[in-house]
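Working through the structure, step by step
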Amino acid sequence: MLIAARMLAALFTMSALVFAFGRLCREEIRAFRLGGLKRHAVVCGVGDKARALIQDLKQQGLRVVAIDLNTAKRSMQYMEDFGLFALEDDAARPECLEKARVRAAGAVFITTGNDSANIEIAAQVINLVRTRGRARRHGRLACYVHLVDRPTSELFHQHHVFQAAAAQVDLRVFNVYDNAARLLWRRNLLGRSPLAASDRRRMHVVIGGLGQMGEAVLLRVIRSGHFANGRKPAITVVDREAAAVHARIRNRYPSIATLCDLDFIDAEIGSPETARKVGACLAAPDEIGTVVLCAGHDHENFAAALQYAAEPGLKAALICIRLSLANGLADLLGAEHSSAALARRIDAFGLMSDCCGAEVVRKGQLCQLAVRFHQAYVRNRLAAGVNPATDPALKDWSELDPPFRESSCEQTEHMEVKLRTFGYSADPATGPAPAAFADEQVLVLAKMEHARWCAERWLAGWTQAPVRNKELRLSPHLVPWEQLDASTQKIDFDLVREILAISAEARQDAKTSG
């Protein structure tokens, strides 16, 4: 027995040594392979958001380094098997970022589920690049930071540490809720809008649950819902804590009552009585009704959708439900795979695989076209004699402050609304391209652009005043179109005329990608 015990002990010791040696060899091989990486992608935080992103990056041929401190061993092994470089480490440690060769990377995506952690990682990335340098041939490092809290996101952009790093690190904030709401608008709400100039109907969106997703949908409707008929969209919020939600929204966006017809129903979103109340809200013949269910749990949204679909007063309404994962519930709603009437009336949005894809996170084509709008704006303002040294909105796109970039992106997002007003589209599959705009059409579209711009400014906390003050967010131009002077109106006229060339570029991109 003693001899057997000694032999087993020796065997265990030898096994441990072999295991340790094998692990050491794997680490050395990994370090060697990481040492040769350039222009790769680094993803910090490997949760549901990151999986779709990583898959897209891999399909684009990029090498990916994934970092996560708390990921299970089997997930890390899965990532290794998937062809990633997986580091089980803390991305906020400079040593970890150095191991991932962040300074030689093409892009960094910070996607943990905690805003504070994401800001800390971003700060470490910036500090690393600023203190230890980055090869000029690699250009600026694109750093995409996931932030959910809106006030935190704004402070993040304004902080001097992040502004000072702009020459070396291109910081961009995204969040899955805004991405989901943007895709909902494009795929579902835009086609159910009073787009024609002669259409006197009103868009009416009922939002079930005003959490983070519900608020993102509300803001998207307000930002993009500016039509030729001049009618504001109506938004009805259903929430079990309607009074508290109303107070929060009114406090956060004091001018919201001027931007939409906002109403609240204090109720559980999935009850039969609530479905009847919502049906009554959308019963008028001039209402284009859409119900968007944004509760925190997929099954709650699905159950509520079934209740709403059975309500006779909602037969003409489209029901969109937030489903975060592509599971069996999402499969049931695939209209292409089902002939059921239910599948044709209920649609899913907010899938992680959609709103966390690389193109959506990067805002690829959206930013590409937004650059064109910005360049045209700069060209027209310089022609008008504006001094670029005194106007930060005239900086080159690479140096432009994030709010101005976002404004150009919103102009681009609204381009399709303007085009469809007269039966055109930037998508060859949807409508023809405009050859030219008549003068009366330019006037209609310029008024729409001014309304969109005013909504953008009001949501950002600006108010009307005789003299502009950026620090106090005061503007003399937050007035009806007819009260603008001719030089200010010309800004909108010029932008509308740029749509012809920019939409042609968008159509060409659509043909190429298709």
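For the structure itself, consult the block above.
All of the points below concern the structure found in this document. Note that the structure is predicted; figures quoted are calculated from it, not measured.

Procedures and definitions
Residues numbered from 1 in each chain as written. Predicted model: local features only at pLDDT ≥ 70, side-chain atom pairs only at ≥ 80, totals over all residues. Heavy atoms only, no water. Buried < 20%, exposed > 50% of the residue type's maximum accessible area, 1.4 Å probe, protein only. Helix = DSSP H or I, 4+ residues; strand = E, 2+ residues; numbered from the N terminus. Pairing = 2+ DSSP bridges. Right-handed = clockwise from strand over helix to strand, strands pointing away. Salt bridge = Lys/Arg side-chain N within 4 Å of Asp/Glu carboxyl O. Core = buried A, V, L, I, M, F, W, Y, C linked by side-chain atoms within 4.5 Å. Contact = heavy atoms within 4.5 Å.

On to the pairing of strand E10 (residues 287-293). A regular strand places its side chains on the two faces of the sheet in alternate fashion. Most of E10 is tucked away: seven of the seven residues are buried. In E10, alternate side chains face the same way, and those of Glu287, Gly289, Val291 and Leu293 on one face and Ile288, Thr290 and Val292 on the other are all buried. Summarising the sheet, strand E7 (residues 202-208) and E10 pair through seven bridges and their orientation is parallel. The partner of valine 206 across the bridge, within E10, is valine 291. Pairing analysis gives four bridges linking E10 to strand E11 (residues 318-322), with the strands arranged parallel. Of the residues in E11, the one forming a bridge with leucine 293 is isoleucine 321. You can see the chain leave E10, run along helix H12 (residues 298-309) and come back into E11, and the turn it takes is right-handed.

Attention now moves to the pattern of salt bridges. Side chains that carry opposite charge are capable of pairing whenever their charged atoms lie near each other. Under the criterion given, the structure shown has 36 salt bridges. Here arginine 473 and glutamate 154 are joined by a salt bridge, their closest N and O atoms 2.3 Å apart. In this pair, arginine 473 is assigned in the loop between strand E13 (463-464) and strand E14 (474-475) and glutamate 154 in helix H6 (residues 150-158), connecting sequence segments 319 residues apart. For glutamate 154, a relative accessible area of 35% gives the class partly exposed. Between arginine 240 and glutamate 300 there is a salt bridge, with the nearest N and O atoms lying 3.5 Å from each other. Separated by 60 residues along the polypeptide, arginine 240 in the loop between strand E8 (234-239) and helix H10 (242-252) and glutamate 300 in helix H12 bring together distant segments of the chain. In this structure arginine 240 comes out as partly exposed when scored by relative accessible area, which is 47%. Given a relative accessible area of 25%, glutamate 300 falls into the partly exposed group. Look at the salt bridges and you will find they share partners, linking Arg182, Arg186, Arg220, Lys363, Glu406, Glu410 and Glu413 into a network.

The next thing to look at is the nonpolar core. By size, the foremost hydrophobic cluster in this structure holds 65 residues, and its most contacted members are Val217, Leu218, Ile222, Phe349 and Met415. It is helix H8 (residues 176-189) that contributes the most residues to this core, eight residues altogether. Among residues more than four places away in sequence, those in contact with methionine 415 are Leu369, Phe373, Ala426, Ile499, Ile502, Ser503 and Ala506. In terms of nonpolar packing, the next biggest core, distinct from the first, is built from 32 residues, Ala91, Ile110, Ala122 and Cys143 among them.

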